[in-house]
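Below are the chains, spelled out letter by letter.
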Amino acid sequence: MKERKLSKFYYGWIVIGIVFLTLLISAGISSFPSVLIQSLEKEFGWTRAAISGVISIRILLYGLIGPFSAAMLAKFGVRRTMVSAIFLMLLSLGLTPFITAVWQLMLLWGVLGGLSTGALANVLGVTVANRWFVKHKGLVIGLLTASAATGQLLFLPLLAKITSENGWRNAVYVIMAALLIMLPVIAIWMRNHPYDVGAAPLGSTEIVKPAPFQGNLLLTPIRTLVSVMRSGTFWLLAGTFFFCGFSTNGLIGTHLIAACGDSNIPIVTAAGLLALMGIFDLVGTTFSGWLSDRFDSRWLLFWYYGLRGLSLIFLPYALGTGYTQLTIFAVFYGLDWIATVPPTAKLTSDTFGREKAGMIFGWILVAHQAGASTAAYGAGFLREMLGSYTVPFVAAGFVCLLAAIVALRIRSSKASAAASAV
């Protein structure tokens, strides 16, 4: 009777809903600095390179915390980790309206903001999906990854409008209100593992108590990295994900609104373009998760990176032409903005095993954010030097074409990983 009741309603879907909403808000916070660039330039006279440097540090720490976040999720549980990260976010946001210097922005948005949002990122989604799902795992990872796109869809136009009409400080308060709503939801309904509700992962019949975390919070992620450093598959996954970050949140997520401003496109309209990308990426990334359950993930990556590269090469032309061309870019680029995550996570899980997948994917995400950090600062620096974003946009396009070729060299079997790993 108990098994039949659980089969009708699986609590894992509530867990996925809570994580989706949390990642959605976290994504809105992560994308907010792109709205702030021009406002901070005007109010404080800071250079675009200086603000880009803060965003670059934020993006890097967002990725670097990933493997350690996976260890915290294993040791302290998902619920406690999520609540702690939200308290850190509230601290960084609450003090932001009082900043007067770049170093304060660096501390609050670069350091605290990067660490707290990084703890609620793709590693959380991959960890939860691996714990709760065997069946539909790729689809669930795609859905949780797509929450980043949905976060932009909901928050960016709203934050841009509030910033434009009422100032950026009021936009900060709106984000804080969303976080305060999520806190009791997580505290009351979030669960750490299927075992907590007497269930097996969906697609499995065995109810297994989770193994206690073994090791040190700081040393275990490092030892895990050392254990896979001899795996060619790991380096190929990390390398392609570096190119992914270089061409997405580090470049377009950070600089598209500012690039539109250079072309006299209003901030609300520019944010609307990112929101449009969010709509299509919600569809594209969720569909990518479905595809990764059925097709070779390496070929999916080949097509995603290749098409993204072509769209980025097209972008400078679109910026100088008009809204129709920019809309075409937004749709084309948006469909595979972060569609690369489900096949990359699937290859990681298939190669290194479900138990280690979260922490190893965390290190692969570090490479993603290192690429994003490089692009965030590099594009801002080149814009200062050259007066436009044409060179960084086109360069990122060719980098994506290279990533498409590299993706085909990834080996996905556990046997190949075992031959090259520990």
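Conventions we followed
- Residues numbered from 1 in each chain as written.
- Predicted model: local features only at pLDDT ≥ 70, side-chain atom pairs only at ≥ 80, totals over all residues.
- Heavy atoms only, no water.
- Helix = DSSP H or I, 4+ residues; strand = E, 2+ residues; numbered from the N terminus.
- Rg over C-alpha atoms; globule rule 2.2 N^0.38 Å.
- Buried < 20%, exposed > 50% of the residue type's maximum accessible area, 1.4 Å probe, protein only.
- Contact = heavy atoms within 4.5 Å.
- Areas by Shrake-Rupley, 256 points an atom, 1.4 Å probe, with all protein chains shown as cover.
- 1 Å grid on protein atoms, 1.4 Å probe; cavity = no way out; pocket = protein on both sides within 12 Å on 5 of 7 lines; lining within 4 Å.
- Points joined across faces, edges and corners; volume = space filled by probe spheres on them.
- Salt bridge = Lys/Arg side-chain N within 4 Å of Asp/Glu carboxyl O.
- Core = buried A, V, L, I, M, F, W, Y, C linked by side-chain atoms within 4.5 Å.
- pLDDT = per-residue confidence, 0-100.
- Axes fitted to C-alpha atoms, helices over the stretch in contact; angles between N-to-C directions.
- Nonpolar A, V, L, I, M, F, W, Y, C, P; charged D, E, K, R; others polar.
- Left-handed = near helix turned anticlockwise from the far one by under 90°.
- Phe/Tyr/Trp six-rings, centres within 6.5 Å; stacked < 30°, edge-to-face > 60°.
- Expected span 1.5 Å × (residues − 1).
- Arc of directions from axis to C-beta.

Draft legend 1. Inspection of the overall build of the protein at higher detail. A tally of helices and strands in the protein yields 19 helices and zero strands. Compactness check: the protein gives a C-alpha radius of gyration of 20 Å against a globular reference of 22 Å for 422 residues, within 12% of the reference. For the protein, the spread of C-alpha atoms along the three principal axes comes to 60 × 45 × 40 Å. For the protein, the proportion of its 422 residues judged to be buried stands at 58%. In the protein, of all internal contacts separated by at least 6 residues, the share reaching a separation of at least 24 is 85%. Accessible surface for the protein amounts to roughly 16900 Å². Of this, 68% is attributable to carbon and sulfur atoms.

Draft legend 2. Layout of empty space enclosed by the protein. Inspection of the entire model under this criterion finds two cavities of 30 Å³ or more. Quantified by volume, the second largest cavity comes out at close to 60 Å³. Considering the residues around the second largest cavity, the lining is formed by Pro33, Leu36, Leu40, Ile51, Val54, Ile55, Leu105 and Trp109. Taken together, the elements giving at least two residues each to the lining of the second largest cavity come down to helix H2 (12–44), helix H3 (48–64) and helix H6 (102–119).

Draft legend 3. Representation of the pattern of salt bridges within the structure. Within this structure, the stated rule accounts for five salt bridges. A salt bridge links Glu165 to Lys161, with the shortest nitrogen-to-oxygen separation between them at 2.7 Å. Pair noted here: Glu165 and Lys161 are both in helix H8 (residues 137–166), with a separation of four residues, about one helical turn. Taking the relative accessible area as the measure of exposure, Glu165 reaches 53% and is therefore exposed.

Draft legend 4. Fine view of unusual backbone geometry. One non-glycine residue with positive phi stands out, namely Asn264, at about 65°. By the secondary structure assignment, Asn264 is in the loop between helix H12 (252–262) and helix H13 (267–292).

Draft legend 5. Region of the structure containing the nonpolar core. Judged by nonpolar contacts, the single largest core of 127 residues is most densely connected at Phe32, Trp109, Leu124, Ile252 and Met277. With 14 residues, H2 is the largest single contributor of residues to this core. Non-local contacts of Met277, meaning those with residues more than four positions away in its chain, are made with Ile252, Leu256, Phe329, Ala330, Tyr333, Gly334 and Trp337.

Draft legend 6. Main features of the environment of Ala160. Here Ala160 shows up in helix H8. Here Ala160 falls in the buried class, since its relative accessible area comes to 0%. On a C-alpha basis, the gap between Ala160 and Pro184 in space is 28 Å, while along the polypeptide they are 24 residues apart. When residues no more than four places from it in sequence are discounted, the contact partners of Ala160 are Val35, Ile267, Val268 and Ala271.

Draft legend 7. Local environment of the confidence of the model for the protein. Here the protein averages 84 in pLDDT, while 94% of its residues score no lower than 70. The least confident element of the protein, judged by mean pLDDT, is helix H19 (residues 414–420) at 43; the most confident is helix H18 (residues 390–407) at 94. Residue range residues 1–7 is modelled with pLDDT below 50. Its contacts to residues more than four positions away, or to other chains, number four contacts. Per-residue pLDDT stays below 50 along residues 414–422; that stretch engages in 17 contacts with residues further than four places along the chain or on separate chains.

Draft legend 8. Region of interest: the packing of H13 against helix H16 (residues 341–352). For the pair H13 and H16, the least separation of the axes is 8 Å and the interaxial angle reads 35°. Note on element contacts: H16 touches H13 through Pro342, Pro343 and Lys346, opposite Thr285, Ser288, Gly289 and Ser292. Its residues assigned to classes, the contact of H13 with H16 comprises two nonpolar, four polar and one charged.

Draft legend 9. Focus on the environment of Trp299. With respect to the helices and strands, the residue Trp299 is situated in helix H14 (residues 297–319). Using a relative accessible area of 45% as the deciding quantity, one classes Trp299 as partly exposed. Expressed as a C-alpha distance, the spacing of Trp299 and Ile405, which sit 106 residues apart in the sequence, is 9.8 Å.

Draft legend 10. Examining the packing of H13 against helix H15 (residues 323–334) more closely. Their axes nearest at 7 Å, the elements H13 and H15 cross at an angle of 35°. Of the two elements, H13 crosses H15, and the hand of that crossing is right-handed. Within the contact between the two elements, H13 uses Thr269, Leu273, Leu276, Met277, Phe280 and Asp281 and H15 uses Tyr323, Leu326, Thr327, Phe329, Ala330, Val331, Tyr333 and Gly334. Residue composition of the contact of H13 with H15, by class: ten nonpolar, three polar and one charged.

Draft legend 11. Local environment of the packing of aromatic side chains. Within this structure, the stated rule accounts for 16 aromatic pairs. With a centroid separation of 5.2 Å and 25° between ring planes, the pair formed by Phe329 and Tyr333 is classed as stacked. Residue Phe329 and its partner Tyr333 are both found in helix H15; the two are separated by four residues, about one turn of the helix. For Phe329, a relative accessible area of 1% puts it in the buried group.

Draft legend 12. Representation of H15. Spanning twelve residues, H15 covers 16 Å between terminal C-alpha atoms, matching the ideal 16 Å at 1.5 Å per step. Among all positions in H15, only Leu326, Phe329, Ala330, Tyr333 and Gly334 are buried. Along the axis of H15, the buried positions cluster into a sector of 110°, meaning they face one direction only. Buried residues along H15 sit in contact with helix H11 (232–247), H12, H13 and H14.

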